[in-house]
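These are the residues of each chain, in order.
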Amino acid sequence: MRFADITGHEEIIDSLKGLTLSGKLPHAFLFSGISGIGKMRTARAFAQFIHCRNKTDGDSCGKCPSCLQHQKHNNPDLHFIYPIVKKEGALISKDMIEPWREMITDYSYMPPEKWNELIKAGNSQPAIFVNESEEIISRAALSAYQEDFKIFIIWLPEKMRTEAANKLLKVIEEPFEDTIFILVSNNDNKILPTIQSRTQRFNFKPLPETQLKSLLLKMGVDSDIAADAARISEGSLQKADEIACHPEELIEFSNLFKDIMRAAYALNAKSLKLLSENVAGFGREKILRLLAYFGRMVRENYIYNLNESSLVMMTQEEMEFSKRFAPFIHDGNVERLSEETSRAAQDIERNGNSKIVLFDFFLLLSRLVRMPKTTILPGLEEI
């Protein structure tokens, strides 16, 4: 991976180049931002640039022995740390090296749900366990094998168990001179503040809608689909690509949102129970994607009421529904709707009974969407 392969983030890349060429590299970095915007790709390009023996025009050469090893994922001084599930004797990252190589080769924008699929996580929550931190300390204590620096790229450090994070903190507090840590996080709020304070932070911004659309068009995506995908992907190229390549799930979620909201307004508990049982059969990851869709639609329908079309991130089909539905999302219920959607997602993440969680959530929607507003609204059944 070279800097030339990265989309966007030019200012961050320039800073990383400058730090490397100055010879004043910090011992720990934190790359923070939403999933799917290229943080891991940048981390890999940065590591290759540090190790490259023939840097050219502000980038790694891609041809020297170190660069070739990076491209084959076998440089002895580059170590990847990532969440795993404990099964079949797996305790640390290298015990799942084969699915990891597939992940960074074929899914370089790093969708976490794809990683869960590759390692067959099922209902288990991948994590970075204390055994991993002990392995990091052991490797960090050794001299670099062939490069000037050993580099540890830690993907999703927020998944570290408390004991693992505390052990990592010790080695970051008292680093070895030839060791660099690059933490790549989708949710830095869950990283120990003491670890964060000892890193140089780079906040990665979502990619602009125009840039996403242009990239999708270059990939051969239909113009209308590219426009919709770019608009609703929240700046994530990975998400835009998924939407563009698999629009059927977006359509399915859109129809479910309409059916559930109509049944909720009509106080149709029987329909809500059937819908909850249907959705419960999706499996945890798809349920979480649906709840994320619900959260987005609540937010976007509230914004729709502001009459600022440039702020709305919905497809044309979604906006057609929102013309009549948006007034039901207002100051009196938007906060509770968002809170209850997040709470349902948290319960599903913690392996709560999906039928019970979803039915309870759908029943709560019945009360929330009917909360009064000062103006008279048309019945939702008319939409």
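Right above here is the structure, for reference.
Residues numbered from 1 in each chain as written. Predicted model: local features only at pLDDT ≥ 70, side-chain atom pairs only at ≥ 80, totals over all residues. Heavy atoms only, no water.

J.: Can you walk me through the layout of surface pockets in this structure?
T.: Which parts of space are left empty comes out when a probe the size of a water molecule is rolled across the atoms. One number sums up the size of the second largest pocket: a volume of about 230 Å³. Lining of the second largest pocket is provided by 15 residues; of these, His73, Leu78, His79, Phe80 and Ile97 occupy positions nearest its centre. The greatest single-element share of the lining of the second largest pocket, amounting to four residues, is contributed by helix 4 (residues 97-106). Broken down by class, the residue content of the lining of the second largest pocket amounts to seven nonpolar, five polar and three charged. (1 Å grid on protein atoms, 1.4 Å probe; cavity = no way out; pocket = protein on both sides within 12 Å on 5 of 7 lines; lining within 4 Å. Points joined across faces, edges and corners; volume = space filled by probe spheres on them. Helix = DSSP H or I, 4+ residues; strand = E, 2+ residues; numbered from the N terminus. Nonpolar A, V, L, I, M, F, W, Y, C, P; charged D, E, K, R; others polar.)

J.: How should I be thinking about the environment of Gln346 in this particular structure?
T.: Mapped onto the fold, Gln346 is located in helix 16 (residues 334-349). Between the C-alpha atom of Gln346 and that of Pro111, which follows or precedes it by 235 residues, the distance is 19 Å.

J.: Would you mind going over the pattern of salt bridges with me for this structure?
T.: Note that side chains of opposite charge can pair when their charged atoms are close. Taken as a whole and judged by the stated rule, the model has 21 salt bridges. Here Glu135 makes a salt bridge to Lys94, at a shortest N to O gap of 3.5 Å. Placement of Glu135 in helix 6 (residues 130-141) and of Lys94 in the loop between strand 2 (78-81) and helix 4 is noted, with a sequence separation of 41 residues between them. A relative accessible area of 46% places Lys94 in the partly exposed class. Residues Glu277 and Lys273 are paired through a salt bridge, measuring 2.6 Å at the closest nitrogen-oxygen approach. In this pair, Glu277 and Lys273 both sit in helix 13 (residues 269-280), four residues apart, roughly one turn of the helix. Assessed through its relative accessible area of 32%, Glu277 is described here as partly exposed. (Salt bridge = Lys/Arg side-chain N within 4 Å of Asp/Glu carboxyl O. Buried < 20%, exposed > 50% of the residue type's maximum accessible area, 1.4 Å probe, protein only.)

J.: Before we go on, may I ask you to explain the side chain of Glu135 in this structure?
T.: A distance of 3.5 Å separates a polar atom in the side chain of Glu135 from a polar atom in the side chain of Lys94. Apart from the residues within four sequence positions on either side, Glu135 is in contact with Ile92 and Lys94. (Polar contact = N/O pair within 3.5 Å; in protein donor to acceptor, adjacent residues only side chain to side chain. Contact = heavy atoms within 4.5 Å.)

J.: For this particular structure, what's the right way to read helix 1 (residues 10-22)?
T.: In an α-helix, one turn spans 3.6 residues; hence positions three or four apart end up facing the same way. Compared with the 18 Å implied by 1.5 Å per residue over 13 residues, the 18 Å span of helix 1 between its first and last C-alpha is a close match. Listed in full, the buried residues belonging to helix 1 are Ile12, Ile13, Leu16, Lys17, Leu19 and Thr20. An end-on view of helix 1 places all buried positions within 165 degrees of arc, on one side of the element. Seen from the open side of helix 1, the exposed residues pointing more than 90 degrees away from its buried face are Glu11 and Leu21. On its buried face, helix 1 sits against strand 1 (28-32), helix 2 (39-51) and strand 5 (200-203). (Expected span 1.5 Å × (residues − 1). Arc of directions from axis to C-beta.)

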